[in-house]
Amino acid sequence: MDTISLFGLRVYAYHGVLAEEKSAGQEFIVDVTLHADLAIAASSDDLADTVDYGALAAAIHDRVANEQWNLIERVAGRVADLVMEDERVFGIEVRVHKPAAPIAVPFDDVVVEVRRRR
């Protein structure tokens, strides 16, 4: 199974249940691994034959930055929906990190992962 992965996409956004999260915002980190047949691109060496990860990174950034949701489960689902719009993609894993989540005890990170398949 061929994959393209994008790790550590940083987006400042306003997702969260609490009013402070909606007004002040915080950094979210998005990791994406998509599954597609990359054989044609490997042979042709043509960007048109693959998923352009630069354009994908920009589209993911825009979706996460410009939409507002309560739950990072919804954020991850919206990113998965976006990636799956490309018919060449037959599977996706999306991880959304919320390292500054408002949790009252010490922690390193909160991560939600969603997976989609055709």
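So, how was this worked out
Residues numbered from 1 in each chain as written. Predicted model: local features only at pLDDT ≥ 70, side-chain atom pairs only at ≥ 80, totals over all residues. Heavy atoms only, no water. Helix = DSSP H or I, 4+ residues; strand = E, 2+ residues; numbered from the N terminus. Buried < 20%, exposed > 50% of the residue type's maximum accessible area, 1.4 Å probe, protein only. Contact = heavy atoms within 4.5 Å. Areas by Shrake-Rupley, 256 points an atom, 1.4 Å probe, with all protein chains shown as cover. Lys, Arg positive; Asp, Glu negative; His and termini not counted. Charge placed at Lys NZ, Arg CZ, Asp CG, Glu CD. Pairing = 2+ DSSP bridges. Axes fitted to C-alpha atoms, helices over the stretch in contact; angles between N-to-C directions. Phe/Tyr/Trp six-rings, centres within 6.5 Å; stacked < 30°, edge-to-face > 60°. 1 Å grid on protein atoms, 1.4 Å probe; cavity = no way out; pocket = protein on both sides within 12 Å on 5 of 7 lines; lining within 4 Å. Points joined across faces, edges and corners; volume = space filled by probe spheres on them. Nonpolar A, V, L, I, M, F, W, Y, C, P; charged D, E, K, R; others polar.

Chemist: Any chance you could explain the overall build of the protein chain here in plain terms?
Modeler: If you tally the helices and strands in the protein chain, you get 4 helices and 4 strands. Helices and strands appear in the protein chain in the N-to-C order β-α-β-α-α-α-β-β. Dimensions of the protein chain along its principal axes, counting C-alpha atoms only, are 50 × 25 × 20 Å. Across the 118 residues of the protein chain, 42% fall into the buried class. Within the protein chain, contacts between residues at least 6 apart in sequence are counted, and of these 62% link residues at least 24 apart. For the protein chain, the accessible area works out to roughly 6,600 Å², and carbon and sulfur atoms hold 54% of it. Placing the 12 positive and 21 negative side-chain charges of the protein chain at their respective mean positions leaves the two points 6 Å apart.

Chemist: Would you explain the environment of histidine 15 in this entry?
Modeler: Position of histidine 15 among the secondary structure elements: in the loop between strand S1 (3-13) and helix H1 (19-24). Overall, histidine 15 belongs to the buried group, its relative accessible area being 1%. A sequence separation of 12 residues divides histidine 15 from glutamate 27, and the C-alpha atoms of the two residues are 9.6 Å apart. Not counting chain neighbours up to four residues away, the residues in contact with histidine 15 comprise Glu21, Gln26, Phe28, Val64, Glu67, Gln68, Trp69, Asn70, Val75 and Lys98.

Chemist: I keep staring at the sheet that holds strand S2 (residues 26-36) and nothing clicks. Help me out?
Modeler: Two strands in a sheet stick together by hydrogen bonds in their backbones, pointing the same way (parallel) or opposite ways (antiparallel). With antiparallel pairing, the 4 strands of this open sheet are ordered in space as S1-S2-S3-S4. Each edge of the open sheet is held by one strand with a lone partner, namely S1 and strand S4 (111-117). Averaged over neighbouring strand pairs, the angle between their axes works out to 15 degrees when direction is ignored. Alignment of S1 against S2, held across 9 bridges, turns out to be antiparallel. Within the sheet, the bridge partner assigned to serine 5 lies in S2 and is threonine 33. Contacting S2, strand S3 (89-97) and S4, helix H4 (residues 72-84) crosses the sheet at an angle of about 150 degrees to S3.

Chemist: What am I meant to see in the packing of aromatic side chains here?
Modeler: Geometrically, a pair of aromatic rings is defined through the distance of the ring centres and the angle of the planes. Under the criterion given, the structure shown has 1 aromatic pair. Centroid distance tyrosine 12 to tyrosine 14: 5.8 Å. Interplanar angle 80 degrees. Geometry classified as edge-to-face. On the accessibility criterion, tyrosine 14 (33% relative accessible area) is partly exposed.

Chemist: Any chance you could explain empty space enclosed by the protein here in plain terms?
Modeler: Picture a little ball the size of a water molecule; that probe, rolled over the atoms, points out where space is still empty. All told, the structure shown has 1 cavity of 30 Å³ or more when counted by the stated rule. Approximately 30 Å³ is the volume attributed to the largest cavity. When its residues are assigned to classes, the lining of the largest cavity shows 3 nonpolar, 1 polar and 3 charged.

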